[in-house]
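If you want the building blocks of each chain, they are given just below.
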Amino acid sequence: MKKAFFLSLCISVHVLGLSRTGFANEVSVPSSETVTQHYVVMAHAMFTEAQAAAADLALATDALLRSPNEANHLHAKQAWVTAHRAYSRTEVFRFGNPNVDDWEGQVNAWPMDEGLVDYVADGYVSDSGNPFAQKNLIADAVVLDQALLRDMHEGAGAEANVATGYHVIEFLLWGQDLNLTKVSAGTRSYLDFSQSQCASVHCDRRALYLKESVDLLLADLADMVQQWQLGQGDYAKTFMALNVDTRLQRMLFGLGSLVYGELAGERIRVAMLAQSQEDEQSCFSDMTHFAIKENVDAVADVFNGIVQAKGQRVAGPSLSDLLLANNAKKHQALMLAFTKAQNTVDKVAQQAKNGLPFDQQILLENIEAYSTLELLIAQLRDQAILIESIDSQQLAMVKVMR
Amino acid sequence: MRRFLTLILILVSVHGYAEAPYSGGATTVFKEDHNAYSMPAKNLSLVSRESFFVGNAFFTNPWVAAPATVSTRDGLGPLFNANACQSCHIKDGRGRPPAKGEAFASMLIKIGSTAIGQGDSRYGTQFHLLSIPGVEAEGSVSLEWQSYSWTSEAGETFHLRKPHYRFSELKYGELEDTSFFGGRTAPAMIGLGLLEAVPEDSLIALEAAQARLGVSGRIHWLYDQTNNQKVAGRFGWKASQPSVKKQAAIAFAEDMGLTSSVVPESNCQPQQLDCVAAPEGGDPEVSDQILELVSFYSSTLAVPARRNIEDPMVIAGELRFQQVGCNSCHTETLMTGDQSSIAELRQQEIHPYTDLLLHDLGEGLSDQNNEGNVSGLEWRTAPLWGIGLLQAVNGHQQLLHDGRARGVEEAILWHGGEAKASRRAYLSLGPEQRQELLQFVESL
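The structure displayed is predicted, hence computed values, not measured ones.

Visitor: How would you summarise the overall build of chain B if you had to cite specific residues and measurements?
Guide: Each helix and strand in chain B was counted, giving 13 helices and 15 strands. The C-alpha radius of gyration computed for chain B amounts to 22 Å, which stays within 12% of the reference 22 Å derived for 444 residues, consistent with globular compactness. Taken over the C-alpha atoms alone, chain B extends approximately 80 × 60 × 40 Å along its principal axes. Taking all contacts inside chain B whose residues are at least 6 apart in sequence as the whole, residues at least 24 apart take part in 68%. With an accessible surface of roughly 18800 Å², chain B has 54% of that area assigned to carbon and sulfur atoms. Between the centroid of the 35 positive side chains of chain B and the centroid of its 51 negative side chains there is a distance of 6 Å.

Visitor: Mind laying out the state of the cysteines, listing which residues take part and the relevant values?
Guide: Working definition of a disulfide: a covalent bond connecting the sulfur atoms of two cysteines. All names here are of chain B. Under the defined criterion, the tally for this structure stands at two disulfides over all chains. Each disulfide pairs two cysteine sulfurs, and for cysteine 268 the partner residue is cysteine 275, the sulfurs being separated by 2.0 Å. Here the disulfide of cysteine 268 and cysteine 275 is left-handed, its torsion about the S-S bond being about -75 degrees. The structure places no disulfide on cysteine 88, whose sulfur is separated from the nearest cysteine sulfur, that of cysteine 85, by 8.8 Å. Looking at cysteine 326, it has no disulfide partner, and the nearest cysteine sulfur is the one in cysteine 329, 9.2 Å off.

Visitor: Could you give an account of the packing of aromatic side chains, naming the residues involved and the relevant values?
Guide: What characterises a pair of aromatic rings is the spacing of the ring centres plus the angle enclosed by the ring planes. Taken as a whole and judged by the stated rule, the model has 30 aromatic pairs over all chains. Measuring from centroid to centroid gives 4.9 Å for Phe127(B) and Phe167(B), while their planes differ by 70 degrees, and the two rings are edge-to-face. Of this pair, Phe127(B) sits in strand β3 (residues 126-127) while Phe167(B) sits in strand β6 (residues 157-168), and the two are 40 residues apart along the sequence. Taking relative accessible area as the criterion, Phe127(B) reaches 1% and is therefore assigned buried. We classify Phe167(B) as buried; its relative accessible area is 17%. Among the aromatic residues, ring-to-ring pairing joins Tyr39(A), Phe47(A), Tyr87(A), Phe93(A), Trp103(A), Tyr166(A), Trp228(A), Tyr235(A) and Phe239(A) into one connected group. Its guanidinium or amino end placed over the ring of Phe171(A), Arg188(A) lies 5.2 Å from that ring's centre, counting from NZ or CZ. The aromatic ring of Trp145(B) is capped on one face by Arg161(B), whose charged end is 3.7 Å from the ring centroid.

Visitor: Hey, could you go over the environment of Val183(A) for me, with residue numbers and the actual values?
Guide: Residue and element names in this part refer to chain A. In this fold, valine 183 is placed in the loop between α7 (166-174) and α8 (203-227). Classification of valine 183 as partly exposed rests on a relative accessible area of 47%. If near-sequence neighbours (up to four positions away) are discounted, valine 183 is found in contact with Asp286, Gly355 and Pro357.

Visitor: Which residues make up unusual backbone geometry, and what values do they have?
Guide: A cis amide bond links Trp110(A) to the next residue, Pro111(A), at an omega of -10 degrees. Counting through the fold element by element, Pro111(A) comes out in the loop between α5 (98-108) and α6 (146-152). Of note, the bond from Asp283(B) into Pro284(B) is cis; its omega dihedral lies within 30 degrees of zero at 0 degrees. One can find Pro284(B) in the loop between α7 (273-277) and α8 (288-299). Residue Asn308(B) is not a glycine yet carries a positive backbone phi of 55 degrees. Within the element layout of this structure, Asn308(B) appears in the loop between α8 and α9 (312-324). Residue class for Asn308(B) comes out exposed when judged on its relative accessible area of 54%.

Visitor: Explain the interface of chain A and chain B to me, and be specific about the residues and the numbers.
Guide: With 33 residues of chain A in contact, the opposing surface of chain B contributes 32 residues. The junction of chain A with chain B conceals about 2700 Å² of combined surface from both sides, 57% of it contributed by carbon and sulfur atoms. Put simply, chain A and chain B have five salt bridges between them. With its nearest N and O atoms 3.5 Å apart, the salt bridge here joins Lys91(B) to Glu159(A). Here chain A and chain B share 14 residue pairs in polar contact (both at pLDDT 80 or more) between them. Breaking the side of chain A that touches chain B down by element, the ones donating at least two residues are α10 (244-274) and α15 (367-388) of chain A. Top contributing element to the side of chain A that touches chain B by residue count: α10(A), with 13 residues. Looking at side-chain class alone, the side of chain A that touches chain B contains 12 nonpolar, 10 polar and 11 charged residues.

Visitor: Describe in detail the nonpolar core, supporting the description with residues and values.
Guide: If you look at the biggest cluster of nonpolar residues, it comprises 220 residues, and the most contacted ones within it are Phe93(A), Tyr209(A) and Trp228(A). Ignoring any residue separated from it by four or fewer positions in sequence, one finds Phe93(A) in contact with Tyr39(A), Met42(A), Ala43(A), Met46(A), Phe47(A), Val100(A), Trp228(A) and Val302(A).

Visitor: I'd like a rundown of helix α13 (residues 328-353) of chain A, residues and numbers included.
Guide: Residue and element names in this part refer to chain A. Compared with the 38 Å implied by 1.5 Å per residue over 26 residues, the 37 Å span of α13 between its first and last C-alpha is a close match. Residues of α13 that are buried include every one of Lys330, His331, Leu334, Ala337, Phe338, Ala341, Thr344, Val345, Val348, Ala349, Gln351 and Ala352, and no others. Where the residues of α13 are buried, they touch α11 (288-304), α12 (319-326), α14 (358-361) and α15. At the exit of α13 stands glycine 355, carrying a positive phi of roughly 105 degrees.

Visitor: Hey, could you go over the pattern of salt bridges for me, with residue numbers and the actual values?
Guide: All names here are of chain A. Within the structure shown, the criterion is met by 34 salt bridges over all chains. The residue aspartate 118 makes a salt bridge to arginine 206 at a minimum N-O spacing of 2.7 Å. You can see aspartate 118 sitting in the loop between α5 and α6 and its partner arginine 206 sitting in helix α8, a full 88 residues away along the chain. Taking the relative accessible area as the measure of exposure, arginine 206 reaches 1% and is therefore buried. A network of salt bridges, in which partner residues are shared, links Glu91, Arg94, Glu104, Glu262 and Arg267.

What counts and what doesn't
Within each chain, residues carry numbers counting from 1 in the order of the written sequence. Chain A is the first chain written and ligand 1 is the first ligand written, with later ones labelled in order. Two thresholds apply to this predicted model, a pLDDT of at least 70 for residue-level local features and 80 or more for giving and counting side-chain atom pairs, whereas whole-chain, interface and lining totals are computed over all residues. Water and hydrogen atoms play no part in the side-chain values, which are based on all heavy atoms of the structure. The helix and strand labels rest on DSSP assignments: H or I over at least four residues marks a helix, E over at least two residues marks a strand, and numbering proceeds from the N terminus. The quantity called the radius of gyration is restricted to C-alpha atoms. Its globule counterpart is 2.2 Å times the number of residues to the power 0.38. The contact definition used throughout considers only heavy atoms, calling two residues in contact when any of these lie within 4.5 Å. Only the protein chains shown count as cover for residues, and the accessible areas themselves come from Shrake-Rupley with a 1.4 Å probe. His is not counted, nor are the chain ends; Lys and Arg add positive charge and Asp and Glu add negative charge. Charged side chains are reduced to one point each, which is NZ for Lys, CZ for Arg, CG for Asp and CD for Glu. By convention in this document, the label disulfide applies to cysteine sulfur atom pairs within 2.5 Å. By convention, a stacked pair of Phe, Tyr or Trp rings (six-membered ring in the case of Trp) has centres within 6.5 Å and planes under 30 degrees apart, an edge-to-face pair has planes over 60 apart, and any other such pair is tilted. Relative accessibility under 20% of the residue-type maximum defines a buried residue, over 50% an exposed one, and the middle range a partly exposed one, all with a 1.4 Å probe and only protein chains included. Charge-over-ring contacts are defined here by two conditions on Lys NZ or Arg CZ: a distance within 6 Å of the ring centre and an angle within 35 degrees of the ring normal. Buried area, as used here, totals the accessible surface that two parts lose on assembly, with accessibility defined by a 1.4 Å probe and the loss added over both. Salt bridges are defined as contacts in which a side-chain nitrogen from Lys or Arg sits within 4 Å of a carboxyl oxygen from Asp or Glu. Two N or O atoms count as a polar contact when they lie within 3.5 Å, although within protein this holds only if one can serve as hydrogen donor and the other as acceptor, and sequence-adjacent residues are included solely when both atoms are side-chain atoms. When residues are sorted by character, Ala, Val, Leu, Ile, Met, Phe, Trp, Tyr, Cys and Pro go into the nonpolar class, Asp, Glu, Lys and Arg into the charged class, and all the rest, Gly among them, into the polar class. Only buried Ala, Val, Leu, Ile, Met, Phe, Trp, Tyr and Cys residues count toward a nonpolar core, and they belong to the same one when joined by side-chain atoms within 4.5 Å. Helix span, expected: 1.5 Å multiplied by one less than the number of residues in the helix.

Below, the structure is given as structure tokens:
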């Protein structure tokens, strides 16, 4: 029985759905076993890509700390954007996989009470129940090391105490976005990292915090890369030991949860309802549109089994192949839903590039941008409904013919 | 054929056994870490999860003073106890009294009065420690624990503690001599929609069944003005609210100073002039849409599964729990009906360990704080599901309405009134048998 799963990667099958309509057709359909295996391969490749981008970020922040100047600061910020984009693509592995969910909080938590970490402007809003909301670890006398950062993360039980991860690094690089002009992001000066001409105070400790938090991020990513190593990684082994139906369920549930609940809901609709820039994910850098675009694209890519890593195309048997064989009509509808959402999210990214960042697109007064976001939410909803309607048991048993 | 039947029998029995840890029916999640109370119901559809996540954001993110330039999340206060739901319901969990030197964060002070039954004439029914800029907060309060030695009928002595509240810097005049104060910790948020989905008839039946057994639990009947009918109270320490949505609206209003279509009045007292004059953040401040989303979120937080159900201590403890009579009020099993607007919550067999009824728990627990027609002696049976994960989620185990009980045993010892016989039965158990019972409760 099990042998059948390990036949060749791609097996030519007769598509029942099509033959009934008279179009006898031969397409390549992999077994569900190889599809789940390729999912692990993609996860490993995408986390590796995120790790490489974070290593570039580490080089850039090292350069900034060594010679704080405008150019190095800009370069570090660009490296952060690239690193977070690569990370955002890996979010397709959330929700379905408990190892990613248990880990995600220390890597990409937001929103944060940034007063925990550094100085903030007057009028800064934080959780009234958070005793560490203005702790300012950089100005504090405590020893700043990785153990402290881990310890302070979600300190006092408050989720707003974000002490590690991408958004802490973002805050350290950009500073608070005080919306000085409509399109401005955080305006931290590179002199905040200068030991000779320190623009504020505690530049030495700020530099240390930046270094420690980047190093922690690298360690966290290295851990995740290891976990997904096919045949060796802890989670890869756990995952592949599940029955194939459960594996497919996890894959589909993760994609569907990310695309609607998390992305359309928590990332987009909340900000639109609240009409508040505090509710955008990358609020310091105004780079939220990139995270949204990468999420949307990565869901389609992983479903189709084709991702890019280290400049290489990693392609293999996919959920798409299984669905095409199982239900061509639904497959067509989902492919169309992917394309529609990708076109719309390109528009969102383009609008940001044209000078209307996400925290302005959400405002009711910007009618066109706002309705583009509404359209995107509706399209992501369609995707989720289609993904939820896919029967993983049927996919697991897609009929394979020689 | 016979083999087939045997297989079915095995499947059925395995299925029945495996269901035991499913405290919240199909909503149950297997999660034991600090996120154990924060998960969406297991059976929540992908589409419903969007409302859950959006509601979560409005539950978590802080509200600000009006007028904020760009935000619908304004209108906080003027007087308030917290600026976000999450400030008190930390990690969707249970609040606690402040430790020495800490500010009050996840517990607030209710004010009752023998004179008018409406709280203090200057401060109303709740003391507000925080305020927006330009408005004075009501004052400061500190908590002191008074040690309290209690000796059982059998001569066993326990060292318990009772809270005493000291007020200072009162900004709106003295508190009345006839006012009484009671601490109220924020309850955990799990399984609330399921409790709302239990048919009222089931509560009426429970009430009747208890009366036959000599336990006098009663429904807290409330009057629903919209539908002009009486409705059972289910939520809050005194079962004073009939629905999650009403409870959420009341918490927005009283704890955060936010008006809604359900509670359109501000929480200012008439003579608190700066409070009355402060700008509003919209009319109402919490839109119907946001109230719905927060209510949906609050209704669909999953109940975590039981743990260690095969541990012989836990199995023995369950029998003790029944022997002692805990289950005459901490009802193990209820069924939800079809009335919930959320399909995932319908027709679920749940194990909340509450009857949602009010019971007289005696003078020891009373803070003489009447709520409507509920006396200070009466309390709603607290649900016990998830209680064993409190340490993992909130890092404490301070139980009862004001967190005076340090652990399950102290909570049992505070049960007087109609629970006296159960307490006596618990105290008649040997040390190992008591441990079994406690282990069982910890497995919930």
